[in-house]
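Single-letter residue listing:
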Amino acid sequence: MNRKVITIDGPAASGKGSLSKKISKEFNFYYMETGIYYRGFAGLFYQNQVNILDLLSFISNLNIADFKEYVRHNNKKLYSTKVTKLASKLAKNIEIRRFIVKIQQGMIISLEKKFNGIILEGRDCGSVVAPEADLKFYLTASLKVRAERRLKQFVKEKKDISYDQVFNDLRERDVQDKNREHSPLQKPKGAVVIDNTNYNFEETINIVKNIIFSKIPTLKNKI
Ligand code: C5P
């Protein structure tokens with residue numbers, strides 16, 4: 001069986017991260033969180049106090065292996081509110097997107113043999129990073145429900161933030177991600193749309209697994 005590529009795109013806090021992690025474990029797929037590279041770029045950009053006018057020379061001097069190592073090493077810090085907002089702003093830039101998409105496409109090609117496939121999760125996975133994917137999903141939920149879920153997560157992590165702040169931050173990111181000129185968040189061509197506003201995590205997993213089994217039956221023997 002050739003190795004399968006599955007993409008899950010959708011707005012922030014739609015549940016695509018947890019879903020992708022769970023599915024990739026069950027199917028022995030490599031899980032690629034594409035947003036972490038935009039967060040990593042934002043972290044480095046901030047740390048180096050880069051002037052936007054020097055962006056091109058900053059990118060051309062960035063070593064890909066060092067960049068990946070920076071992302072791996074700083075993973076936890078890259079979820080701060082500051083980095084999250086900067087990531088979404090910088091993600092509009094075509095040069096930054098080219099740099100990151102090239103890394104991500106390279107990782108699909110050099111996928112380790114031990115995996116049955118790869119799940120990519122983000123905003124442009126089914127449209128730009130892997131337009132030839134075997135199966136594409138677009139996962140969404142109402143802004144209100146996404147804000148409630150994200151707030152629950154923050155409370156668990158003991159982050160001091162109000163519901164209104166979470167709601168407004170998500171709304172702002174939705175607007176930026178959907179309206180940017182390059183690779184805006186959109187339903188990729190051929191994607192299965194799942195609105196999980198009224199489903200809990202287990203129900204969403206079951207819906208997604210059933211679709212995977214019906215579209216790629218060979219994966220039934222892989223779990
Ligand atoms: O998915 P996550 O919330 O970690 O992504 C952080 C930001 O990176 C998003 O708000 C979006 O602007 C950007 N992003 C993107 N394309 C992706 C993944 C993330 O533009 N494939």
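Here, residues in each chain are numbered from 1, in the same order as that chain's written sequence. Selection of residues for local features in this predicted model requires a pLDDT of at least 70, selection of side-chain atom pairs for listing and counting requires 80 or more, and totals for whole chains, interfaces and linings are taken over all residues. Heavy atoms from the whole structure form the basis of all side-chain values; hydrogens and water molecules are not counted.

1. Remarks on the site of the ligand
The test is simple: For this description, a residue counts as near a given molecule or strand if any of its non-hydrogen atoms is within 4 Å of it. Under the rule applied, a polar contact is a pair of N or O atoms within 3.5 Å (in protein, one hydrogen donor and one hydrogen acceptor; residues adjacent in sequence only if both atoms are side-chain atoms). Only DSSP runs of H or I with at least four residues qualify as helices, and only runs of E with at least two residues qualify as strands; both kinds are numbered from the N terminus onward. We call Asp, Glu, Lys and Arg charged. Ala, Val, Leu, Ile, Met, Phe, Trp, Tyr, Cys and Pro are nonpolar, and the rest, Gly among them, are polar.
Residues in contact with the ligand amount to 13 residues; listed here are only the nearest, R39, R97, D124, R173 and D177. R39 places a side-chain nitrogen or oxygen 2.6 Å from an oxygen atom of the ligand. Within the contact set of the ligand, an oxygen atom lies 2.9 Å away from a side-chain nitrogen or oxygen of R180. At the level of secondary structure, the elements contributing two or more residues to the shell around the ligand comprise α2 (35-47) and α9 (163-179). No other element matches the three residues that α2 contributes to the shell around the ligand. When grouped by side-chain class, the residues that make up the shell around the ligand number two nonpolar, four polar and seven charged.

2. A short note on the packing of helix α4 (residues 64-73) against helix α6 (residues 94-109)
Selection criterion: Angles shown run from 0 to 180 degrees and are taken between the N-to-C directions of axes, each axis being a line fitted to C-alpha atoms and, for helices, limited to the stretch in contact. For classification purposes, angles smaller than 35 degrees are called roughly parallel, those larger than 145 roughly antiparallel, those between 65 and 115 roughly perpendicular, and all remaining angles oblique. Any two residues whose heavy atoms approach within 4.5 Å at even a single point are treated as in contact.
Across the interface, α4 lies against α6 with an axial gap of 12 Å and an inter-helix angle of 90°. If you check the angle between α4 and α6, you find them roughly perpendicular. Seen from α4, the contacting residues are I64, F67 and K68; seen from α6, they are F99, I103 and M107. For the contact of α4 with α6, the class distribution of residues is five nonpolar, no polar and one charged.

3. Section: the sheet that holds strand β4 (residues 135-140)
Going by this rule: For two strands to be treated as a pair, DSSP must find at least two bridges joining them.
Read from one edge of the open sheet, five strands run β2-β3-β1-β4-β5, paired in parallel fashion. If you trace the sheet from one side to the other, it starts and ends with β2 (29-33) and β5 (192-195), each paired once. The sheet shows a mean angle of 20° between the axes of neighbouring strands, taken without regard to direction. Sheet analysis places β4 next to β5, joined by four bridges and oriented parallel. Bridge pairing in β5 links T140 to D195. Contacts between helix α10 (residues 201-215) and the sheet are confined to β1 (4-9), β4 and β5, with β4 contributing the most and set at about 160° to the helix.

4. With respect to the pairing of β4
Stated precisely, the cut-off is as follows: Three labels apply to residues, based on accessible area from a 1.4 Å probe with only protein chains included: buried if under 20% of the type maximum, exposed if over 50%, partly exposed otherwise in between.
Across the six residues that make up β4, a large majority, six, are buried. Going residue by residue along β4, you find L135, F137 and L139 tucked away on one face and K136, Y138 and T140 tucked away on the opposite face as well. In this sheet, β4 lies alongside β1 in parallel orientation, the contact comprising four bridges. When the bridges of β4 are listed, D9 appears paired with Y138.

These figures come from the coordinates and say nothing about function on their own.
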